[in-house]
Structure formats: structure tokens, C-alpha cells
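# A structural walkthrough
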Amino acid sequence: TKIQVGLLFGGRSGEHEVSIRSAAAIAQALKTEDNAQKYDLTPVYIHKNGIWEGGETAKSVLQQQTPPHSEGSGNLWDFPPEATQIDVWFPILHGPNGEDGTVQGLLTLMQVPFVGSGVLGSAMGMDKLAMKTAFAQAGLPQVTYKGVNRDKIWSSPCVFPKLCDEIEEEIGYPCFVKPANLGSSVGISKAKARSELETALDEAASYDRRIIIEKGITAREVECAVLGNDDPQASVVGEISYNTDFYDYETKYTEGKAELYIPSPLPDKIFKQVQEIAKQAFIAVDAAGLSRVDIFYEEATGEVYLNEINTLPGFTMTSMYPRLWEATGISFPELVDRLIQLGIQRHQ
Ligand code: ADP
Ligand code: MG
Ligand code: MG
């Protein structure tokens, strides 16, 4: 009998639409001859309001690749009937409420295997401060950073200037101010002076309780895909280039604003170093199945700095993660097959 794969997509996050496109690509890959012999697909769509829906609605969202006109109705804790028939879940949810351990906790309670990181790896990989703490503990190279809770930013007018003084002293300009638990560059600003720092802190605080401030560097941006569980493998390294100030939301999602180079024309030694750091980053946060690790290469000094790990990276036909594996010799359908098998193995 075939393995029932529950494809869980959509979700309560700003990356809802990307999730739908990732899920459509995975659904397509499950229909190829080799995969269709092994797997049966059950799509389950999570509406923007958090309601789960299967059946025709989920199928049509996959087909149309756009959210339905009406929001989900019913109770949050009512799951579609087919959810009880799933042998392995494939959550392909980006950002908060899906990439962060919340859904992984639910699936763990359901006692059904699932693709990707568990609760710990997902939560660590979502929170930039937690992730950096784990990376530092593992001795991985990072830029100087500082964490702050938003009560310091929004509290009394005498605390705030002190905080800005501290940041200027410890980090300096330019610096990057980020909400700790987001993605797609949402809420991130680059500050080059005091007034910009003040605005950036206020902006980031509107998205998250936890804020991170980092030393801004001028560097090439490279990405490496990691696949596996306890003994993960690294793909070839890819590189992103763009003409904007940094890799912000618009550059990420506007066609033609950024170019991908696969493989990256990095010096051989750096290329290997990036792959090694990517695997160590994966292990440091206890990731599983898949992750995309983003790294800075500061050409002027020859230094490499680990930026972040993304435990459920974009998985559309044109996304970096599957393209990096394609270039490494693993086709999209084969990648989907491997991820499902890794999910099953991890839960045995
Ligand atoms: P997200 O999880 O939203 O992708 P990142 O931490 O990757 O957040 O930051 C988004 C982008 O901002 C990066 O791809 C890079 O272009 C820029 N950036 C972030 N931190 C730094 C830094 N310390 N120095 C230089 N550029 C940075
Ligand atoms: Mg990210
Ligand atoms: Mg990033």
C-alpha cells in the first residue's frame, strides 16, 4: 500500500503565498512516475486565519496557486477528517506559526512522522538570538551582535537614549536592526546614524518582542543547502547578487531584482569552508531533514560569517534550496522522496 503524505501548506504567516507555491511544486513532484508508485498525496490547507481545510478547497488552492476567496470557517481545533489517515506529514510553511516549532509540536503530539526539523530545531532556527547563541557555542564565526527586548525600546524616555549609546559603543554604524522571529527581511533596517537607529529600533519592535542589532558588513551573500538528519550533507554553494542596498523584501520578491549564481564563483577554499559551516550550523541548532544556511563572505578580509539558518526554506520550482540540490545531482522529485524518507527515519 502507498504511503499517505499529508502536504500541509498556507498558514498564518506573511509568507502564505510562497508556501502555496512551494506546496504546488512538491505536489507536482509527487506525481512523477517513481514517486506516484510510493506515495499518495493528501493536501491540507491552512487558511490565513489558521483554520485547517482539506478536500476540494485544498486541492483547488494547489491548482490555482492562490488563496481562496473565503476564509476558513469553524473551529481552530477541528481538523479535516483525512488528517487522521496521514502516514507522514510534509509541512511546507514558512515563517511564524509553521517554521518555528508550533506546527511541529502539534504533529509530534499527533504521533505522526513529519518532514523537517522537530520542535527544538525549528524554534532555534526561527529566533535569530537563540540561533546565534547556539552558533556562538559551536564556535562558528559571526558578526558582533546584541539582543534587546522591546520594553527597553518602548519604555521610559530615559532608558532609550542609554540603549542607543550602548549600541553605538558595542556595534557602531552601519548596523542592522532586526525582529528576532521573522523572515523575508520584514521589519529589518540598516542604520547609518543615530536618527536612523532610533527609527529602526521602533520599527523592529513593532514586529517582535525580541530584537537583534548586528554590525553591518559589506560582503557577498552565499547560500548552502543541507540535507540529512544526524550526518547531513551540504550542496554546492550558490550566490545572490543585487543592486539594492541590501537583500530586502522587495529585492527578494521582485522578478529580476536579484540574480542567482549556481554554483557560486567563490575561491575553492572558501567554497569548502562555507559547506563545512553550513553543516555545523545545521547540527548546532538540531535541525533535521532540510535547511538552507546563509553565509556572508567578506572579500576584503577573506573572512566568512554565518548569517542564518532557515529550516523551511522556499521550495518553489525556482527557489534556491531545490536548485542547489539540482546542481549537486539530486533532482526535484528525488529530493522530495529523500525528505519524506528522512522524516520517516527520524521518527522510527
Ligand atoms: P531574513 O531572515 O529576514 O532573511 P537576514 O538576517 O537574512 O533576515 O537579513 C536579510 C538581509 O539583510 C540579508 O540577506 C543581507 O542582505 C542583509 N543583512 C542582514 N544582516 C546583515 C549584516 N550584519 N551585514 C550586512 N548585511 C546584512
Ligand atoms: Mg531568514
Ligand atoms: Mg535571510
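As the structure is a computational prediction, the values presented were derived from the model and not from experiment.

## Some remarks on the sheet that holds strand 7 (residues 189–191)
Overall, antiparallel pairing links the 4 strands, which are arranged 5-8-6-7 in an open sheet. Each edge of the open sheet is held by one strand with a lone partner, namely strand 5 (145–149) and strand 7. Direction aside, the axes of adjacent strands within the sheet are offset by 25° on average. Pairing between strand 6 (residues 175–179) and strand 7: 3 bridges, direction antiparallel. Bridging from a neighbouring strand, Cys175 pairs with Ala191 of strand 7. Strands in contact with helix 6 (residues 128–137) are strand 5, strand 6 and strand 8 (210–215); relative to strand 8, the strand with the most contacts, it is inclined by about 50°. In this fold helix 8 (residues 159–170) packs onto strand 5 and strand 8, with an angle of close to 165° to the strand it touches most, strand 5.

## Comments concerning the coordination of the magnesium ion (ligand 2)
Taken together, the protein ligands of the magnesium ion (ligand 2) are Glu308 (OE), Glu308 (OE) and Asn310 (OD1), with distances of 2.1 to 2.5 Å. Taken as a pair, the magnesium ion (ligand 2) and the magnesium ion (ligand 3) lie 3.7 Å from each other and share Glu308 as a ligand.

## Section: the pairing of strand 8
In terms of strand pairing, strand 5 meets strand 8 through 5 bridges, oriented antiparallel. By the bridge assignment, Lys146 is partnered in strand 8 with Ile213. Alignment of strand 6 against strand 8, held across 5 bridges, turns out to be antiparallel. Note that in strand 8 the partner of Cys175 across the bridge is Lys215.

## Observations concerning the site of ligand 1
Within the structure, ligand 1 sits among 21 residues, and Lys128, Lys178, Ser185, Glu221 and Lys252 are positioned closest to it. The contact in question runs from an oxygen atom of ligand 1 to an N or O atom on the side chain of Lys178, over 2.6 Å. In the environment of ligand 1, an oxygen atom lies 3.2 Å from a nitrogen or oxygen atom belonging to the backbone of Ser184. Its residues assigned to classes, the shell around ligand 1 shows 9 nonpolar, 5 polar and 7 charged.

## A closer look at the pattern of salt bridges
Here the idea is simple: oppositely charged side chains can pair when their charged atoms come close. One pass over the full model with this rule turns up 20 salt bridges. As a salt-bridge pair, Glu166 and Lys146 come within 3.1 Å of each other at their nearest N and O atoms. You can see Glu166 sitting in helix 8 and its partner Lys146 sitting in strand 5, a full 20 residues away along the chain. You can call Glu166 partly exposed: its relative accessible area is 36%. Arg194 is paired through a salt bridge with Asp165; the nearest N and O atoms lie 2.8 Å apart.

## Re the nonpolar core
Residues Ile26, Phe90, Ile92, Val274, Phe315, Val336 and Ile340 are the most contacted members of the largest nonpolar core, which totals 66 residues. Not counting residues within four places of it along the chain, the set of residues in contact with Ile340 comprises Val5, Leu30, Tyr39, Val88, Phe90 and Val115. Formed by 17 residues, the second largest nonpolar core is a distinct cluster that contains Cys164, Ile167, Ile171 and Val177.

## Here we look at the sheet that holds strand 2 (residues 39–46)
The strand order across the open sheet built from 4 strands is 3-2-1-4, with neighbouring strands paired in mixed fashion. In this open sheet, the two edge strands, each paired with only one partner strand, are strand 3 (52–53) and strand 4 (88–91). Bridging between strand 1 (residues 3–10) and strand 4 involves 4 bridges; their strand directions are parallel. Its bridge partner lying in strand 4, Leu8 is registered against Pro91. In the packing of helix 4 (residues 102–110) onto the sheet, the strands contacted are strand 1, strand 3 and strand 4, and the crossing angle to strand 4 comes to about 175°.

## Some thoughts on the domain arrangement of the protein
According to the domain assignment, the protein contains domain 1 (3–115), domain 2 (125–141 + 218–311) and domain 3 (145–215). Of note, the centres of domain 1 and domain 2, computed from C-alpha atoms alone, are 27 Å apart. Counting from both sides, the interface comprises 7 residues of domain 1 and, opposite them, 5 residues of domain 2. By the criterion of area lost to domain 2, the three top residues of domain 1 are Val18, Glu99 and Val115, representing 62% of everything that side buries. Inspection of the domain 1/domain 2 interface yields 0 salt bridges. Where domain 1 packs against domain 2, one counts 1 residue pair in polar contact (both at pLDDT 80 or more). Counted by class, the side of domain 1 that touches domain 2 contains 3 nonpolar, 1 polar and 3 charged residues.

Cut-offs used in this document
- Residues numbered from 1 in each chain as written.
- Chains lettered and ligands numbered in written order.
- Predicted model: local features only at pLDDT ≥ 70, side-chain atom pairs only at ≥ 80, totals over all residues.
- Heavy atoms only, no water.
- Pairing = 2+ DSSP bridges.
- Helix = DSSP H or I, 4+ residues; strand = E, 2+ residues; numbered from the N terminus.
- Axes fitted to C-alpha atoms, helices over the stretch in contact; angles between N-to-C directions.
- Contact = heavy atoms within 4.5 Å.
- Donors = N, O, S within 2.8 Å, 3.2 Å for Na, K, Ca; no water.
- Near = heavy atom within 4 Å.
- Polar contact = N/O pair within 3.5 Å; in protein donor to acceptor, adjacent residues only side chain to side chain.
- Nonpolar A, V, L, I, M, F, W, Y, C, P; charged D, E, K, R; others polar.
- Salt bridge = Lys/Arg side-chain N within 4 Å of Asp/Glu carboxyl O.
- Buried < 20%, exposed > 50% of the residue type's maximum accessible area, 1.4 Å probe, protein only.
- Core = buried A, V, L, I, M, F, W, Y, C linked by side-chain atoms within 4.5 Å.
- Domains from an automatic or database assignment.
- Buried area = accessible area lost by both parts, 1.4 Å probe.

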